[in-house]
Amino acid sequence: MNRTRLAAGAVACAALLALTACTPRDSADVDGDPGELTIVDALPAGTKAVDEVTWAIAEGEPATLNPAASANLIIPNLCDNLLSLQPDFSIEPGIATSAEFVDPVTFVIELRDDVTFWDGSPVTADDVVYSLQQGMNPESQWYGAFALVVPDPATGIVATGPNEVTVHFVAPDSTFRDALAGQGGAVMQKAFGEAAGDALGTPDGGLMCTGPYELADGGWKPGSAITTTANADYWNGAPLVKTLTYTFVNDGSTLATALTQGEIDGAINVSPSSRAVFEGDGAGTLTIGHSTASYSFGPTTATGPAANPKIRQALSLAIDRDQYLQTVVNGLGYVQKTLVPEFSFQSMAEADVYQAGYDALADPEVDLEQAKQLVTDSGEDVSEPLVVAVPAGAKEFEQTATIMQAAGEKIGLDLEIDEMQASDFGALFYDPAKREGVDFVATQGYLETPGVLGYPSLFVLPAEQGGIFNWSGYDDGEVTAHMMAARNATDVEAAANEFVAAQAVYAPDQLQVTLAGTYQLTYLNDELTGVTTSVAAYSSPWALHLGGK
Amino acid sequence: MNTLTRMLLERLGGLLLTLFLASIVIYSAVLLTGDPIAALAGGAKPTPELIAEIRAEYHLDDPVWQRYWEWLTGAIQGDFGRSFVYKTAVTTLVAPRFAITLQLVLLTVVLILVFGVGSGILAATRGRAVDRAVATGTSLGMALPTFVVAILLIWIFAKSLGWFPVYGEGDGAWDRLWHLVLPAISLAVLFIAYISRVTRSALVAQLHSEHVDTARVRGIPRRRVFGAHVFRNASPQILAIAGTTIAGLFAASAIAEVAFGLGGIGSLLVQAAARADLPVVQIVSLLLVTIFVVLNAVADLVSALIDPTSVEGGALA
């Protein structure tokens, strides 16, 4: 009953999104051939039971399934978040029937009383307090979401009833509710977590959550597969798939062959470079969904040309975005104007305010004369080559760096590519010593949950206020004031207006030169359906409605 | 003490010394390759406090020799440390993957011995035309790197004909064998060609030797001369080369494992190196060295058993 209603909802939403995506906006906003792409964010729910589905994780085997420590595509099917993220990036009640600020600094979460963990024990307020407190640990992936919670664990997050949890804040926080629809709001069992200790989420330690699929004892065989089974008592209806097994395929072409041959049933985030293979004859179909992911590059130094906005603007003006899209993502992307993509806010309250703010930004265009002028005007000494760091062996990044190099050449900037080993590249992001001698770094990122503040905060705020990637030392009083006002706003309209005001100032300074927005690419066997195909898959049980056609 | 026992003891001593030296080299080389903090922090953005905590927990600030000593004493007791990435004992990580690599290598060895030695014998004994044909085949085989063979096999036998799976290791004995056939062939081609050449030249050298001529003149049947003299005398040389080849297969299998999505130690090593999972890189490297050294020793020993005179010759060197 419940499922049918949801299924209808999913179809309607897919159709609606397809329509909006196909409606041409202004001509500069679209890539080469937008009419050919149909954007679908969820496939119609399955109707037939299926014994076994084999799913490939394109990113390789995860290090852990602990939702506080990692983000990967397996966790969302195992652990529910307090609020439920929909394929269109809207937020619905989940384990929490409501989660709202009752005054500017007090947030109350009311829980359903019929949700149980896999072992049959009910979810209590204590379990939710324990789970949320994981985010208070600086080691947590979601630490930033809890930054304004009263830091003392005894008073910050407390159980105020058998099914009620209250979170106290030091200042109002307009972003907290959205974060609960992501893994920052993942619910785990306290007793299990405390017994497992550091091993929680590892092959040895296991996990105890409430999600539609269960991780059995010994279900994770390190190096080969993670086997999960349907949770027959799932509060939102049991899944149709009895056993969902994840395998790990790092090699893009091996994955493409295994998928099109039907040996693996599906995968999310398949490589755009195999587009022709996926669109040819094969066991399944490629679905293109909305994503918040984008490619960009940014400065890694507070000195020299890279730290000068004029140099970044010049490089941006010398890069042909359409060519970039064709080369790097095989046409499966779109021109994105700034750090925060449209899909991030399209289902938020005041979405029209955010959209108007986005539309008002200048479109990236190629203008070599103006670019050369900017290099001259910058007053920077550009006789020494600027170093661009990319991870070694990653084709998309090598291409990105090569395109940057070619663009630089046209406007008198000499760029040198430094391919770094994965571990060294990773170290760039926290070890200042590793950034010495590097001027730019090319990156790819996505946002798991709706919300506009978290991502730009990392780049535009001073380091002590959360700008941990603000390596160029950007410090604009106006931007900081608007960003802070947006986070501390107590009504949605003020939050939207403050953010748009901040964006209008920081976007032209290109703290990250956004090169392209990309789509979420999902390949699924033609006998199956029901998968979430938008970037919401990172934060919602995307296989809940998976089943036979 | 007879020659064989002495050789055995010498071999054992040499083996332990090699392993000890290898462990030092591997331990220090791995330390030089990268900063483990990124792997240890597991993707989170570490604060300075967290970095300090991790450094203390994993003794990263202790002197290298002290860390090596702790690692070595642990390893002797069967504790090879915990994976930085999976936070689990590396032995539980390596054991199931080793089984897959072992099965792949065994199947490959069967292919190499049957087709490599077989075609070598044919080339040496069945006249000029066969010799030419085998020579052409082996030239081609030697020119084909494993990953090219893998792509060809996937394209022909998995995609076009659909006879074999392209991915994974399968469940159960038959399914496993079925999944390992193409990876084993892709791995074997180069070595079949190599062993075939070695076999042929060793046999040809024996066929032209004096004692074979003498045996023939004495009227001993061809078949018996070949078995008792030619092949027997040539086999230590073939075995010595085959031993090295087989030992090398454990490392070479990484290419086939990655191409066919097999979860063996080769693909584990590739992933662990990319993620700077140092304890895993250490144990897999050491395991590969151990296998190499042990198999070489075994090959020498078997050669010695077949032909004790070879002990005094090249095999002991």
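Predicted model only: the values in this text are computed from it and were never measured.

Q: Explain the overall build of chain A here, please?
A: Of the regular secondary structure elements, chain A holds 18 helices and 21 strands. Whereas a compact globule of 549 residues would reach a radius of gyration of roughly 24 Å, chain A reaches 23 Å, a difference of no more than 12%. The principal-axis extent of the C-alpha atoms belonging to chain A is close to 70 × 60 × 45 Å. Among the 549 residues that make up chain A, the fraction classed as buried is 59%. Across chain A, contacts joining residues at least 24 apart in sequence account for 71% of those joining residues at least 6 apart. Each charge class in chain A was averaged separately, 21 positive and 73 negative side chains, and the resulting centres sit 5 Å apart.

Q: Explain the pattern of salt bridges here, please?
A: For side chains bearing opposite charge, pairing can occur when the charged atoms are close. For the structure shown, the criterion picks out 11 salt bridges over all chains. The salt bridge involving Asp431(A) is made with Lys434(A); its shortest N-O contact spans 3.8 Å. A salt bridge links Arg6(B) to Glu10(B), with the nearest nitrogen and oxygen atoms 3.6 Å apart. Residue Arg6(B) and its partner Glu10(B) are both found in helix H1 (residues 3–33); the two are separated by four residues, about one turn of the helix. On the basis of relative accessible area, Arg6(B) is assigned to the partly exposed category, the value being 40%. Classification of Glu10(B) as partly exposed rests on a relative accessible area of 43%.

Q: Would you mind showing me how to read the interface of chain B and chain A here?
A: How big an interface is tends to be reported as the loss of accessible area on association of its parts. On the side of chain A, 36 residues touch chain B, which itself brings 38 residues to the contact. Summed over both partners, the interface of chain B with chain A buries about 2,800 Å², with 54% contributed by carbon and sulfur atoms. Of the charged contacts in the structure, one is a salt bridge between Glu61(A) and Arg97(B), with a shortest N-O distance of 3.3 Å. Counting across the interface, chain B meets chain A through six residue pairs in polar contact (both at pLDDT 80 or more). Elements with a contribution of two residues or more to the side of chain B that touches chain A: helix H2 (37–41), helix H3 (48–57), helix H5 (90–125), helix H7 (146–160), helix H10 (222–259) and helix H11 (265–274) of chain B.

Q: Sorry if this is basic, but what is going on with the sheet that holds strand E5 (residues 106–111) of chain A here?
A: Across a sheet, strands are paired by hydrogen bonds formed along the backbone, either parallel or antiparallel in direction. Residues and elements named next belong to chain A. Reading across the sheet, the four strands line up as E4-E5-E7-E6 and stay open at both edges, with antiparallel pairing between neighbours. Each of the sheet's edge strands pairs with one partner strand only, and the pair in question is strand E4 (96–103) and strand E6 (157–161). Ignoring which end each strand starts from, the neighbouring axes of this sheet average 25° apart. Direction of pairing for E6 relative to strand E7 (residues 164–168): antiparallel, over a ladder of four bridges. Considered in E7, the bridge of glycine 161 is made with glutamate 164. In this fold helix H3 (residues 125–134) packs onto E5, E6 and E7, with an angle of close to 165° to the strand it touches most, E6.

Q: Hey, could you run me through the packing of H10(B) against helix H12 (residues 278–306) of chain B in this one?
A: For any two helices packed against each other, one specifies the crossing angle of their axes together with the interaxial distance. Residues and elements named next belong to chain B. It is at 8 Å that the axes of H10 and H12 come closest, and there the two elements cross at 170°. Here H10 lies roughly antiparallel to H12, going by the angle between them. On the side of H10, the interface is formed by Arg232, Ser235, Pro236, Leu239, Ala240, Gly243, Thr244, Ile246, Ala247, Gly248, Phe250 and Ala251, while H12 contributes Leu288, Ile291, Phe292, Leu295, Asn296, Ala299, Val302, Ser303 and Ile306. Across the contact of H10 with H12, the residue classes break down as 14 nonpolar, six polar and one charged.

Q: Quick question: what am I supposed to make of the packing of aromatic side chains here?
A: Two measures describe an aromatic ring pair: the distance that separates the ring centres and the angle between the ring planes. One pass over the structure, following the stated rule, counts 27 aromatic pairs over all chains. Aromatic side chains Phe107(A) and Phe176(A) sit 5.1 Å apart centroid to centroid with 90° between the ring planes, which places their arrangement in the edge-to-face category. Here Phe176(A) lies in helix H5 (residues 176–179) and Phe107(A) lies in strand E5, a separation of 69 residues in the sequence. Measuring from centroid to centroid gives 5.5 Å for Tyr27(B) and Tyr68(B), while their planes differ by 70°, and the two rings are edge-to-face. Taken together, the positions of Tyr27(B) in helix H1 and Tyr68(B) in helix H4 (residues 64–76) put the pair 41 residues apart, joining distant regions of the chain.

Q: Looking at this structure, how should I read the environment of Trp235(A)?
A: All names here are of chain A. By the element assignment, tryptophan 235 lies in the loop between strand E9 (225–230) and strand E10 (241–248). What makes tryptophan 235 buried here is its relative accessible area of 16%. Placed 118 residues apart in sequence, tryptophan 235 and phenylalanine 117 show a C-alpha to C-alpha distance of 9.9 Å. Beyond its immediate sequence surroundings of up to four residues, tryptophan 235 is in contact with Asp80, Gly94, Ile95, Arg112, Asp114, Val115 and Thr210. Among the polar contacts made by the side chain of tryptophan 235, one reaches the side chain of aspartate 80 at a distance of 3.0 Å.

Q: Could you clarify how one ought to interpret the pairing of E9(A) in this entry?
A: When a strand is regular, its side chains alternate between the sheet's two faces. All names here are of chain A. Looking at chain direction, strand E8 (residues 213–221) and E9 are connected through five bridges and run antiparallel. When the bridges of E9 are listed, lysine 221 appears paired with alanine 225. Where E8 folds back on E9, the antiparallel hairpin that results is connected by three residues, among which glycine 223 adopts a positive phi of roughly 90°. Looking at chain direction, E9 and E10 are connected through five bridges and run antiparallel. Bridge pairing in E10 places alanine 225 opposite threonine 247.

Q: Could you clarify how one ought to interpret the confidence of the model for chain A in this entry?
A: Low-confidence regions, as indicated by low pLDDT, have predicted coordinates that should not be scrutinised in detail. Averaged over all residues, the pLDDT of chain A is 89; the fraction at 70 or higher stands at 94%. Confidence drops under pLDDT 50 across residues 1–34 of chain A; counting only partners more than four residues distant or on other chains, this segment forms 38 contacts.

Q: Can you walk me through the sheet that holds E8(A) in this structure?
A: Residues and elements named next belong to chain A. Pairing is mixed in the open sheet, where seven strands are placed in the order E8-E9-E10-E1-E11-E19-E12. Looking at which strands have only one partner, the edges of the open sheet turn out to be E8 and strand E12 (284–289). Neighbouring strand axes in the sheet, compared pairwise and without regard to direction, differ in orientation by 25° on average.

Q: Can you help me understand the state of the cysteines in this one?
A: What makes a disulfide is a covalent bond joining the sulfur atoms belonging to two cysteines. Residues and elements named next belong to chain A. Tallied over the full model, the rule gives one disulfide over all chains. A sulfur-sulfur distance of 2.1 Å marks the disulfide that ties cysteine 79 to cysteine 209. Disulfide cysteine 79-cysteine 209: torsion about the S-S bond near 70°, hence right-handed. Highlighted residues: cysteine 79 in the loop between helix H2 (75–78) and strand E2 (83–85) and cysteine 209 in the loop between helix H6 (190–196) and E8, separated in sequence by 130 residues. Take cysteine 79 and cysteine 209: they sit in the same class, and that class is buried.

Q: What is the right way to read the pairing of strand E13 (residues 294–299) of chain A from this model?
A: Residue and element names in this part refer to chain A. Taken across its six residues, E13 has six buried, putting it largely inside the fold. Strand direction decides the pairing type here: E13 and strand E17 (residues 440–445), joined by six bridges, are antiparallel. Bridging from a neighbouring strand, proline 299 pairs with phenylalanine 440 of E17. The pairing of E13 with strand E18 (residues 513–518) spans four bridges and is classified as antiparallel. If you follow serine 294 over to E18, its bridge partner there is glycine 517.

Q: Honestly, the packing of helix H9 (residues 309–318) of chain A against helix H12 (residues 368–378) of chain A in this entry has me stumped. Any pointers?
A: Residues and elements named next belong to chain A. Taken N-terminus to C-terminus, the directions of H9 and H12 make an angle of 165°; their axes are 8 Å apart at the nearest point. By the angle class used here, H9 and H12 are roughly antiparallel. Note that H9 runs across H12; the crossing there is left-handed. For the pair H9 and H12, contact is made by Lys310, Ile311, Gln313, Ala314, Leu317 and Ala318 and by Leu368, Gln370, Ala371, Leu374, Val375, Asp377 and Ser378, respectively.

Q: Would you mind going over H9(A) with me for this structure?
A: Since one α-helical turn is 3.6 residues long, residues separated by three or four positions face the same way. Residues and elements named next belong to chain A. For H9, the tally of buried residues reaches eight of 10 residues, placing the bulk of the element in the interior. Within H9 the residues assigned to the buried category are Ile311, Arg312, Gln313, Ala314, Leu315, Ser316, Leu317 and Ala318. Measuring from the backbone nitrogen of lysine 310 back to the side-chain oxygen at the start of H9 gives 2.9 Å, which picks out asparagine 308 as the cap.

Cut-offs applied
Residues numbered from 1 in each chain as written. Chains lettered and ligands numbered in written order. Predicted model: local features only at pLDDT ≥ 70, side-chain atom pairs only at ≥ 80, totals over all residues. Heavy atoms only, no water. Helix = DSSP H or I, 4+ residues; strand = E, 2+ residues; numbered from the N terminus. Rg over C-alpha atoms; globule rule 2.2 N^0.38 Å. Buried < 20%, exposed > 50% of the residue type's maximum accessible area, 1.4 Å probe, protein only. Contact = heavy atoms within 4.5 Å. Lys, Arg positive; Asp, Glu negative; His and termini not counted. Charge placed at Lys NZ, Arg CZ, Asp CG, Glu CD. Salt bridge = Lys/Arg side-chain N within 4 Å of Asp/Glu carboxyl O. Buried area = accessible area lost by both parts, 1.4 Å probe. Polar contact = N/O pair within 3.5 Å; in protein donor to acceptor, adjacent residues only side chain to side chain. Pairing = 2+ DSSP bridges. Axes fitted to C-alpha atoms, helices over the stretch in contact; angles between N-to-C directions. Parallel < 35°, antiparallel > 145°, perpendicular 65-115°, else oblique. Nonpolar A, V, L, I, M, F, W, Y, C, P; charged D, E, K, R; others polar. Phe/Tyr/Trp six-rings, centres within 6.5 Å; stacked < 30°, edge-to-face > 60°. pLDDT = per-residue confidence, 0-100. Disulfide = S-S within 2.5 Å. Left-handed = near helix turned anticlockwise from the far one by under 90°.

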